[in-house]
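What follows is each chain in one-letter form.
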Amino acid sequence: MSADWETIVGLEVHAHLKTRTKMFCRCELEYGAAENTRTCPVCLAHPGALPVANGRAIEHTIKLGLALDCEIASSAVFARKNYFYPDLPKGYQISQYEAPLCGPGRLVVPTADGDEVVRIVRAHLEEDAAKTVHAGGATGRSVGADYSLVDFNRGGTPLLEIVSEPDLRSSEAALRFLRLLRQTIVELGVSDAEMEKGTMRADVNVSVRKRGEEGYRPRWELKNMNSFTFIGRGIEAAVREQIAAYERGETIEQSTYDYDPDTDKLTVHRSKEEADDYRYFPEPDLVPVEPPAELVERLRAEVPEPPGARIRRHEHSLGFDVAYALVTTERDRLYASLVDEGVPPGSSAKWVMNDFAATGQRPEDVKVHEMALVLKAGNLTRDALTLATAASASSGFSAADYTNRTAVSDASELGPAIDAVLAANPQQVETYRGGKEGVLGFLVGQVMKETQGKADAKVVNALLREKLAQDV
Amino acid sequence: MANIDREQLLHVARLARLELREDEVERLGAQLNDILAAVSKVSELDLSDVPPTSHPLDVVNVWAADEPHASLPVEEALANAPEREGSFFKVPPGGSA
Amino acid sequence: MIDTLRLTAEEAVRLLREKEVSGAELYAAYRAAIDERDPELHCYLHVCEDDGGEGIPIAIKDVIGTRGIPTTAGSKILEHYVPVYDATVIERCKAHGLRVLGKTNTDEFAMGSSTENSAYGPSRNPWDPTRVPGGSGGGSAAAVSAGLAPWALGSDTGGSIKQPSALCGNVGLRPTYGTVSRYGAIAFASSLDQIGPVARNVRDCALLYSIIAGRDPADSTTVELPSAIELPDGEDLKGLRVGVPREFNEHEAIEPGVREAVQRAIELCSELGAEVGDCSLPHSVEYGMPCYYLIAPAEASSNLARYDGVRFGYRSRSGSDRLEMYERTRDEGFGEEPKRRIMIGTYALSAGYYDAYYGQAQKVRTVLAREHAAAFERFDVLISPTSPTVAFKLGSRAENPLAMYLSDLLTIPSCMAGLPGLNVPCGLSEGLPVGLQLIGPQFSENTLFRMGYALETAIGFDPVPARLST
């Protein structure tokens, strides 16, 4: 990209909140339930039905706001956003407009070159729409379909909307932000935030401007993106196409685009229509939410140290890259608990990121105290370490089963094995004595094999050298 | 105050998803302008210091515990459906609604 | 022989309790009355069969949802709609043993002052069938006055309980906003709608109110009553301070006959021991109507968006795509008045107009609430006519929406402030009932019942329409 141009990205993230019931009725949420089996007069918008807010969803939203340093509203008001669509049974969505539950805040994204501060405009609470399936047509898209089928199970799911300022300056920065935001949300326990499952999605707003230019140019909106990869590529495609358009002398209009991953191109989502007039007004069927101070403080105490802060904290002992990897792969708590048990930071990090990571087990399942004993024991055979790592999450895991498998380093114990290997490999012995020391590795390996891995490799190496130097 | 012309009327009708017949456009247009003239009276008062009333009662913080109730049996959910396919509600296709 | 024209609910309770009458006999008596008089009066859209219960029957305005019983809101768009759930007020009635006698006629979606906006034809005033029974709850009021139900439930947004009660000569209460659940009641204007009792006398009205009132977890805008409802029994008004707001009592729209009847009632208040005084609510009448006819349609335009042919109700078959289906369903399914109000409401909320219309109206609402509150520092109850006129002729205002809206001139202001209002008949003018409106502060129903009962006793108004009294 020409150095003249600057990328501007803002994100609106939607996350399904982790609650048992819907936002405005108590239908039980169940992923994959048979169609229209999780509905009631309220979420079907039958005549006369009225909404009742989900208290847990309100608490989750406040917690998220606290984690993002947001101002928690003294009086939050639900509002109706009016428009027509089959998946919106009331003909309006209950959301928040002028008075959201969480006001301005920020998410600090640590990088090796300093912090990227992404300002949060607001976070608010609303309900998700139902699901429309377009049937009969070729592509499964709405245009060209013969008819549509509607399933109201999902309709009314509590939805958290987090809006960022357009502070992101590249697709990589956008993804860093999104990953850290996602992790923050998941660690709070307020949402599973999984893109593939549809419990998190993002609208991505992209524009460009010349470096040094003030203000923002019209933006393109990529709606309902649910893949990190496609978000990155979509941003880059938008930037590319906008710059090309500007350099051709064209203008860019604010509109909604679809990103096609197969062609890596953007197409306008719908022909330019009158902008939607949502006619927001305060929801008369619900009363304001004025979070009492005790509630906010109780929730604040439940907010764990955010991932960004933990990265900076561990950076001191581990350097940025390792700290970043540990925290963003959600293994830093395991690391920290091993360090608390006396395992040196370097070894702890190395074990977590290499040996433990390879097992695919969950960090929270590790029997930390026992594993720390194993790691502190030192001079374990490679085998023993691998076996212990594999068993570290099992019930009944005991360090003692492994720490007694120290590598054999006693020369007299290893003598017979070394003699046997040298006798069995005269060719390599010759090669070694002829000056090619590299073959020593092969001989060490043979001794390891001979001793079923129980030998201490370093000691074997030294003993072999000694032996080979002697019997000339 | 404002007078609704035909174009605005049709715009409002589209926002409200009402396909007005031509005779309705004329009749409603005239009536709406009369009503608008009458209700515009509210603008006579200087209320810059007056807060709006959204709720007649001073009630806040009403919400429910996150405990499930029984959902409708699927046949009841679909009982009044004008058109259905299996347990889905069926509607004509369209890009927007 | 049960005389349904004169039987009060309280008396019916006694008859049933003392087994002088059986549940079946009681029900049959009302059915017989309905069979005889409803073909002319058209109070009912649906009459239910006796379900074999033992309790008092009750008529229900057809905007209140009744499980398994067709509920149309007086509209074609809900012509075949049968709710799968009961409104909370219905559940409470049933818990007290009451039985739904039938669904009564209403202006479409409760929008109107005469029931002439019902898609199923108007109801007629039992005092004079060439005249309207009032609206939107004309069916309920006419049914009670004509002895076709011992009592009924109605709904009031800008006067839809009080005004029909005034025109039909019975007692109707618009409760304090938030004291009766709206869950299951088809919404017109959410911040104004209230379900309330319609009855032959004040004690029955109070009894029915006590059955339905109280906080409902399914309606977030409801609250507990601060104190229990008392059935009134006092015949004087000693210690009561009664205010006569000038603007409500001297308006030029008030007919002379109405004015005289109300004047006599005010004098009676003094005779019964009340302290009566003048007061002024300078903006409430003049700005009440414009305020209401902005806020109510705005909320209605949103509440009626769910009638789209997708999940229930009428669906137009002539369109080829979804947009046509939506637009034709709604244009064909809704009558003129809902369409008018949807259009006004949509406009009042639309971009560029919100502040001047809806936003400004919400501020006017604050002014109205403050004026009433100020008056209630000096008075316990405000008194006025309920309706500026007696029942008008069918068809005489149907072509002129603004003329029709004037019917609510005096009922609207207190509705905007969420205040309760009781209509008590106070006499006749040209042979037609005149209604007295008693307005109190929030939660003052017991005071209103006390005052209404004392006046009712002193006035001795015969609620049986003269032409039905043989």
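Because the structure is a prediction, the values reported are computed rather than measured.

1. Focus: the overall build of chain A
Okay, so step 1: Assigned secondary structure in chain A consists of 15 helices and 13 strands.
Okay, so step 2: Its C-alpha atoms give chain A a radius of gyration of 30 Å, clearly above 23 Å, the size a compact globule of 472 residues would have.
Okay, so step 3: Expressed as lengths along the three principal axes of its C-alpha atoms, the size of chain A is roughly 95 × 55 × 50 Å.
Okay, so step 4: Relative to its 472 residues, chain A shows a buried fraction of 52%.
Okay, so step 5: Of the contacts made within chain A by residues no fewer than 6 positions apart, 69% connect residues no fewer than 24 positions apart.
Okay, so step 6: Taken as a whole, chain A presents about 20900 Å² of accessible surface, with 49% of it coming from carbon and sulfur.
Okay, so step 7: Charge centroids of chain A, computed over 55 positive and 72 negative side chains, lie 1 Å from each other.

2. Examining the overall build of chain C
Okay, so step 1: When you go through chain C residue by residue, the secondary structure sums to 15 helices and eleven strands.
Okay, so step 2: Taking 470 residues into account, the globule formula puts the C-alpha radius of gyration at 23 Å, and chain C, at 21 Å, falls close to it.
Okay, so step 3: The buried share of chain C, taken over its 470 residues, is 69%.
Okay, so step 4: Residue pairs at least 24 apart in sequence account for 76% of intrachain contacts in chain C once pairs closer than 6 positions are excluded.
Okay, so step 5: Looking at chain C, you have 44 positive and 61 negative side-chain charges, and the mean spots of the two groups are 4 Å apart.

3. Considering the interface of chain A and chain C
Okay, so step 1: On the side of chain C, 36 residues touch chain A, which itself brings 32 residues to the contact.
Okay, so step 2: Between chain A and chain C, a total of about 2800 Å² is buried, with carbon and sulfur atoms accounting for 57% of that surface.
Okay, so step 3: When residues of chain A are sorted by the area they lose upon contact with chain C, Pro47, Leu50 and Phe84 of chain A head the list and together hold 22% of the total.
Okay, so step 4: Counting across the interface, chain A meets chain C through one salt bridge.
Okay, so step 5: With a closest N to O distance of 3.0 Å, Arg182 of chain C and Asp285 of chain A form a salt bridge.
Okay, so step 6: For the interface between chain A and chain C, the tally reads 17 residue pairs in polar contact (both at pLDDT 80 or more).
Okay, so step 7: Contributing elements (two or more residues each) for the side of chain A that touches chain C: strand S2 (78–82) and strand S13 (281–282) of chain A.
Okay, so step 8: A breakdown of the residues in the side of chain A that touches chain C according to their chemical character gives 21 nonpolar, six polar and five charged.

4. Considering the sheet that holds strand S10 (residues 421–429) of chain C
All names here are of chain C.
Okay, so step 1: Read across the open sheet, the eleven strands follow the order S1-S3-S2-S4-S6-S5-S10-S11-S9-S7-S8; overall the sheet is mixed. Two strands lie at the open edges of the sheet, namely strand S1 (44–47) and strand S8 (275–279), each paired on one side alone. Averaged over all pairs of adjacent strands, the angle between their axes in this sheet comes to 30 degrees, without regard to strand direction.
Okay, so step 2: In the sheet, strand S9 (residues 381–385) pairs with strand S11 (residues 432–439) via four bridges, with the strands oriented antiparallel. Within S11, the position partnered with Leu382 by the bridge is Ile439.

5. Re the packing of helix H1 (residues 55–67) of chain A against helix H4 (residues 293–301) of chain A
Residue and element names in this part refer to chain A.
Okay, so step 1: Direction vectors running N to C along H1 and H4 enclose 65 degrees, while the axes themselves pass 9 Å from each other. For the pair H1 and H4, the sense of crossing is right-handed. Facing Glu59, Ile62, Lys63 and Leu66 of H1, the residues of H4 in contact are Leu295, Val296, Arg298, Leu299 and Arg300.
Okay, so step 2: Across the contact of H1 with H4, the residue classes tally to five nonpolar, no polar and four charged.

6. Details of the interface of chain C and chain B
Okay, so step 1: Taken together, the contact between chain C and chain B spans 63 residues of the former and 57 residues of the latter.
Okay, so step 2: Summed over both sides, the interface of chain C with chain B buries roughly 5600 Å², with 64% coming from carbon and sulfur.
Okay, so step 3: For the pair chain C and chain B, the interface holds nine salt bridges.
Okay, so step 4: Glu327 of chain C is the salt-bridge partner of Arg14 of chain B, the closest N and O atoms lying 2.7 Å from each other.
Okay, so step 5: Inspection of the region where chain C meets chain B yields 27 residue pairs in polar contact (both at pLDDT 80 or more).
Okay, so step 6: Secondary structure elements with two or more residues in the side of chain C that touches chain B: helix H9 (284–303), helix H10 (322–333), helix H11 (336–349), helix H12 (355–378) and helix H13 (401–405) of chain C.
Okay, so step 7: Among the elements that make up the side of chain C that touches chain B, the one with the highest residue count is H12 of chain C (ten residues).
Okay, so step 8: Grouping the amino acids of the side of chain C that touches chain B by side-chain chemistry returns 29 nonpolar, 15 polar and 19 charged.

7. Points about the environment of Ile344 of chain C
Okay, so step 1: Within the secondary structure, Ile344 of chain C is located in helix H11.
Okay, so step 2: Residues Ile344 of chain C and Asp331 of chain C, spaced 13 residues apart in sequence, show a C-alpha to C-alpha distance of 15 Å.
Okay, so step 3: If near-sequence neighbours (up to four positions away) are discounted, Ile344 of chain C is found in contact with Leu32, Ile35 and Leu36 of chain B together with Tyr293 and Pro297 of chain C.

8. A word on the sheet that holds S2 of chain A
Think of a sheet as strands paired side by side through backbone hydrogen bonds, with each pair either parallel or antiparallel.
All names here are of chain A.
Okay, so step 1: Taking strand neighbours across the sheet as the criterion, the three strands line up as S3-S2-S13 in an open arrangement whose pairing is antiparallel. Of all the strands in the sheet, the pair left with one neighbour each is strand S3 (92–96) and S13.
Okay, so step 2: Bridging between S2 and S13 involves two bridges; their strand directions are antiparallel. For Arg80, the partnering residue across the bridge sits in S13 and is Phe281.

9. Notes on the domain arrangement of chain A
Okay, so step 1: As far as domains go, chain A holds domain 1 (5–300), domain 2 (331–401) and domain 3 (411–470).
Okay, so step 2: Spacing between the C-alpha centres of domain 1 of chain A and domain 3 of chain A amounts to 64 Å.

10. Let's talk about the confidence of the model for chain C
Okay, so step 1: In this model, chain C carries a mean pLDDT of 97, and residues with pLDDT of at least 70 account for 100%.
Okay, so step 2: The ipTM for the predicted assembly is 0.96, set against a pTM of 0.91.

11. Quick word on the state of the cysteines
Here a disulfide denotes one covalent bond, and it connects the sulfur atoms of two cysteines.
Residue and element names in this part refer to chain C.
Okay, so step 1: Taken as a whole and assessed by the stated rule, the structure comprises zero disulfides over all chains.
Okay, so step 2: Its sulfur unpaired, Cys168 is 7.9 Å from the next cysteine sulfur, which belongs to Cys43.
Okay, so step 3: Classification of Cys168 as buried rests on a relative accessible area of 0%.
Okay, so step 4: Cys291 takes part in no disulfide bond, and the closest cysteine sulfur, belonging to Cys415, lies 11 Å away.

Parameters at a glance
- Residues numbered from 1 in each chain as written.
- Chains lettered and ligands numbered in written order.
- Predicted model: local features only at pLDDT ≥ 70, side-chain atom pairs only at ≥ 80, totals over all residues.
- Heavy atoms only, no water.
- Helix = DSSP H or I, 4+ residues; strand = E, 2+ residues; numbered from the N terminus.
- Rg over C-alpha atoms; globule rule 2.2 N^0.38 Å.
- Buried < 20%, exposed > 50% of the residue type's maximum accessible area, 1.4 Å probe, protein only.
- Contact = heavy atoms within 4.5 Å.
- Areas by Shrake-Rupley, 256 points an atom, 1.4 Å probe, with all protein chains shown as cover.
- Lys, Arg positive; Asp, Glu negative; His and termini not counted.
- Charge placed at Lys NZ, Arg CZ, Asp CG, Glu CD.
- Buried area = accessible area lost by both parts, 1.4 Å probe.
- Salt bridge = Lys/Arg side-chain N within 4 Å of Asp/Glu carboxyl O.
- Polar contact = N/O pair within 3.5 Å; in protein donor to acceptor, adjacent residues only side chain to side chain.
- Nonpolar A, V, L, I, M, F, W, Y, C, P; charged D, E, K, R; others polar.
- Pairing = 2+ DSSP bridges.
- Axes fitted to C-alpha atoms, helices over the stretch in contact; angles between N-to-C directions.
- Left-handed = near helix turned anticlockwise from the far one by under 90°.
- Domains from an automatic or database assignment.
- pLDDT = per-residue confidence, 0-100.
- Disulfide = S-S within 2.5 Å.

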